[in-house]
Amino acid sequence: MITGINIQKLSVLFFSIFFIFIFVNKDISNLSMILLLITGMASLFYNFPIKNNFLPLKTIFILCAMILIVSQLHASPLHEIDNYMRFILLLPIYFLFTTFNIKSNYIDKLLQIAGIAVILLYLIQHYNISESRYQGPSSSPITYANLIMTLILFLLSSYLRTKNNEKYFKLFILLLLFYICFETGSKGAIVGFITGLIAITLCQGKRTKGIIIIIILIVPLSLTTAVSDKFKIMYSSLVEINVFDFKDSTELNASENERLYYYFFSLREIVKNPIYGIGPNKFETELRKDINQNNLRITARDHSHNEFLDLAVKFGIPVVLAFIYILFFFTKVALKSRSHWLSELLLINVFSQIGFMLTQSQLAHHQSTVFFIVVTYILSAQIFLENKKNYP
């Protein structure tokens, strides 16, 4: 017989495995996520969800309903929208974690273990890496860089709050994680780092002086990694690219040239189709058609490398507005009790994702989608419990 205590232990176990192995092994991470979801569904029989103000439930259903309707209007296959439906699919996990508290000390240890796991994986794979950009177990270096940078920001928040000798161990882990993140060559992760720092500053105030030390240490560290060359290339590419007269992509400027072309193409299509978009299955086709009409050698992809443009061009402006409201809602939840560390982690998670979404379509990738939703739901559920305890 499954009791409430057993469900609690299983939930923490499955979440811990998911959180650690998303940086190490996708298969184990996915399996633990399925088990966590099953546990959440089972818990609903024991604890029916109670109404609370820490989840934008109506907006989540409206967002998913609009995406489903628009995709059907465009005759899009369901696999084109399955990542977005995870906002509903993973809801049992939120309600599951409103039934018991996770100690902040446990979360802190979990972050450190995940950091050590990333470092060990890199050391194991280091001599077998044939690619110029490290990507860990992820399908792309960008996805893995964004995952690591989120972990870095969480650990940085913990580091700034630590006053004993453990602070030096956390600093050591942080520096190694920065190095590994830079080895992915991803520039978008830096954007997420900057927006994540804003969240930390809002919550920690004077304690953020330690960030200056971190930046002083990581700048020379970055010069020895793949990301250094990427920034040099980006600067020269942006100087040369004329957005009013696009040219063929070259080996050096492909990343910047493609992104800028995708952005301007998306904006034009949004103006033409502001309500229903062009459909999730037609972006790559219409983009390739536009590239061919302009007789350019630019690679067409199935997303615009910007989450907000991607949602608007595929599903229409109402959908992107609903998504922005969800991000705003969780921001408001975090700011209500920002003195609490888990609230700070929630704010970091939302703000860093906004940064990542400016240069990458995060919801177009399973790994980044599930990580963002699960971490957001669990942190929000824990904040709900904390507020319930303080204001019963």
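Just so you know, these numbers come straight off a predicted model, no measurement behind them.

Novice: Account for the confidence of the model for the protein, naming residues and giving values.
Specialist: Taken residue by residue, the protein gives an average pLDDT of 89. The fraction at 70 or more is 91%. Per-residue pLDDT, averaged within each element of the protein, yields its smallest value for helix 11 (residues 226-240) (68) and its largest for helix 14 (residues 307-315) (97).

Novice: Could you give me a rundown of a nonpolar patch on the surface, with the residues and numbers involved?
Specialist: Nonpolar side chains collect at one region of the surface, where I116, L120, L123, I124, F169 and F172 lie side by side and expose about 600 Å² of accessible area between them. Residue assignment for the nonpolar patch shows that the elements contributing at least two residues are helix 6 (104-125) and helix 8 (166-183). No other element matches the 4 residues that helix 6 contributes to the nonpolar patch. Looking at the secondary structure, you find F169 in helix 8.

Novice: Let's hear about the pattern of salt bridges: which residues, and what values?
Specialist: Evaluated as defined, the whole model comprises 10 salt bridges. Among the ionic pairs, E258 bridges to R301, the shortest N-O distance being 3.3 Å. Residue E258 is found in helix 12 (residues 254-272), and its partner R301 is found in the loop between helix 13 (283-293) and helix 14; the two are separated by 43 residues along the sequence. Classification of R301 as partly exposed rests on a relative accessible area of 35%. Between E284 and R288 there is a salt bridge, and its shortest N-O distance comes to 3.0 Å. Linking E284 with R288, this pair stays in helix 13, spanning 4 residues, or about one helical turn. Given a relative accessible area of 38%, R288 falls into the partly exposed group.

Novice: Help me get a handle on the packing of helix 7 (residues 141-161) against helix 10 (residues 209-222), residues and values and all.
Specialist: Relative orientation of the contacting elements helix 7 and helix 10 amounts to 125 degrees, with a least axis distance of 9 Å. Here helix 7 is positioned oblique relative to helix 10, judged by the angle of their axes. The crossing of helix 7 and helix 10 is right-handed. Counted together, L156, Y159 and L160 of helix 7 and G210, I211 and I214 of helix 10 form the full contact between these two elements. Looking at side-chain class alone, the contact of helix 7 with helix 10 contains 5 nonpolar, 1 polar and no charged residues.

Novice: How would you explain unusual backbone geometry if you had to name every residue and give the values?
Specialist: One non-glycine residue with positive phi stands out, namely A75, at about 55 degrees. Here A75 shows up in the loop between helix 3 (57-73) and helix 4 (82-89). For A75, a relative accessible area of 60% gives the class exposed. The phi angle at N295 is positive, at roughly 55 degrees, despite the residue not being glycine. Its location among the elements puts N295 in the loop between helix 13 and helix 14.

Novice: If you had to explain the environment of A199 to someone new, which residues and values would you point to?
Specialist: Tracing the backbone shows A199 in helix 9 (residues 188-204). Sequence-wise, A199 and L346 are 147 residues apart; in three dimensions their C-alpha atoms are separated by 9.2 Å. Aside from chain neighbours lying at most four places away, what touches A199 is L347, I348 and F351.

Novice: Pulling in residues and values, what's your account of the packing of aromatic side chains?
Specialist: In the structure shown here, the tally under the stated rule is 21 aromatic pairs. Relative to F100, the ring of F97 lies with its centre 5.2 Å away and its plane at 45 degrees, an arrangement referred to as tilted. Using a relative accessible area of 0% as the deciding quantity, one classes F97 as buried. In this structure an aromatic cluster arises from ring pairing among F15, F19, F23, F97, F100 and F371. Lying across the ring of Y159, K167 places its NZ or CZ 5.1 Å from the centre. Directly above the ring of F283 sits K314, whose terminal nitrogen or CZ lies 5.9 Å from the centroid.

Novice: With reference to specific residues and values, describe the side chain of Q360.
Specialist: By the element assignment, Q360 lies in the loop between helix 16 (341-357) and helix 17 (366-390). At 2.9 Å, the side chain of Q360 and the side chain of H305 are in polar contact. Ignoring anything within four residues of it in the chain, the contact list for Q360 reads I142, T143, N146, R259, H303, H305, N306, E307 and H365.

Novice: Let's hear about helix 3: which residues, and what values?
Specialist: Side chains three or four residues apart in an α-helix point the same way, a direct result of the helix having 3.6 residues per turn. End to end, helix 3 covers 24 Å across 17 residues, agreeing with the expected 24 Å (1.5 Å per residue, within 8%). All of the buried residues along helix 3 are T59, I60, L63, C64, I67, V70 and S71. End-on view of helix 3: buried residues confined to an arc of 130 degrees, all on one side of the axis. Turned more than 90 degrees off the buried face of helix 3, the exposed positions are K58, I69 and L73. Residue A75 follows helix 3 closely and has a positive phi angle near 55 degrees.

Rules and cut-offs
Throughout, residues of each chain are indexed from 1 in the direction in which the sequence is written. Reporting in this predicted model follows two pLDDT cut-offs: at least 70 for local features of residues, and 80 or more for side-chain atom pairs to be given and counted; totals over whole chains, interfaces and linings ignore these cut-offs and use all residues. Only hydrogens and water are set aside; all other atoms, that is, all heavy atoms of the structure, feed into the side-chain values. Here pLDDT means the predictor's own confidence in every residue, given as a number from 0 to 100. Secondary structure elements follow DSSP: runs of H or I of four or more residues count as helices, runs of E of two or more count as strands, with numbering from the N terminus. Here the term patch refers to residues with relative accessible area over 30% and no salt bridge, with like charges joined within 9 Å and nonpolar side chains (Val, Leu, Ile, Met, Phe, Trp, Tyr) within 5 Å. Accessible surface area values rest on a Shrake-Rupley calculation with a 1.4 Å probe, where residue burial reflects the displayed protein chains alone. Salt bridge criterion: a side-chain nitrogen from Lys or Arg within 4 Å of a carboxyl oxygen from Asp or Glu. A 1.4 Å probe rolled over the protein chains alone gives each residue an accessible area, and that area as a share of the maximum for its type sets the label: buried under 20%, exposed over 50%, partly exposed in between. A fitted line through C-alpha atoms represents every axis, and for helices the fit uses only the stretch in contact; the resulting angles, taken between N-to-C directions, go from 0 to 180 degrees. Here roughly perpendicular refers to angles of 65 to 115 degrees, roughly parallel to angles under 35, roughly antiparallel to angles over 145, and oblique to all remaining angles. Crossing handedness follows the turn of the near helix against the far one: under a right angle anticlockwise gives a left-handed crossing, and clockwise gives a right-handed one. Every residue pair with non-hydrogen atoms within 4.5 Å of one another is taken to be in contact. Throughout this entry, Asp, Glu, Lys and Arg are counted as charged residues, while Ala, Val, Leu, Ile, Met, Phe, Trp, Tyr, Cys and Pro are counted as nonpolar. The remaining residues, Gly among them, count as polar. Here is the rule: rings of Phe, Tyr and Trp (six-membered ring for Trp) pair when centre to centre is within 6.5 Å. Planes less than 30 degrees apart are stacked, more than 60 are edge-to-face, and the remainder are tilted. As a reminder, the over-ring test applies to NZ of lysine and CZ of arginine, requiring each to be within 6 Å of the ring centre and within 35 degrees of the ring normal. The term polar contact refers here to a pair of N or O atoms within 3.5 Å; inside protein, the definition further demands a hydrogen-donor-capable atom paired with an acceptor-capable atom, and it admits residues adjacent in sequence only when both atoms are side-chain atoms. Multiplying 1.5 Å by the helix residue count minus one yields the expected span of that helix. The reported arc concerns the directions from the helix axis to the C-beta atoms and nothing else.

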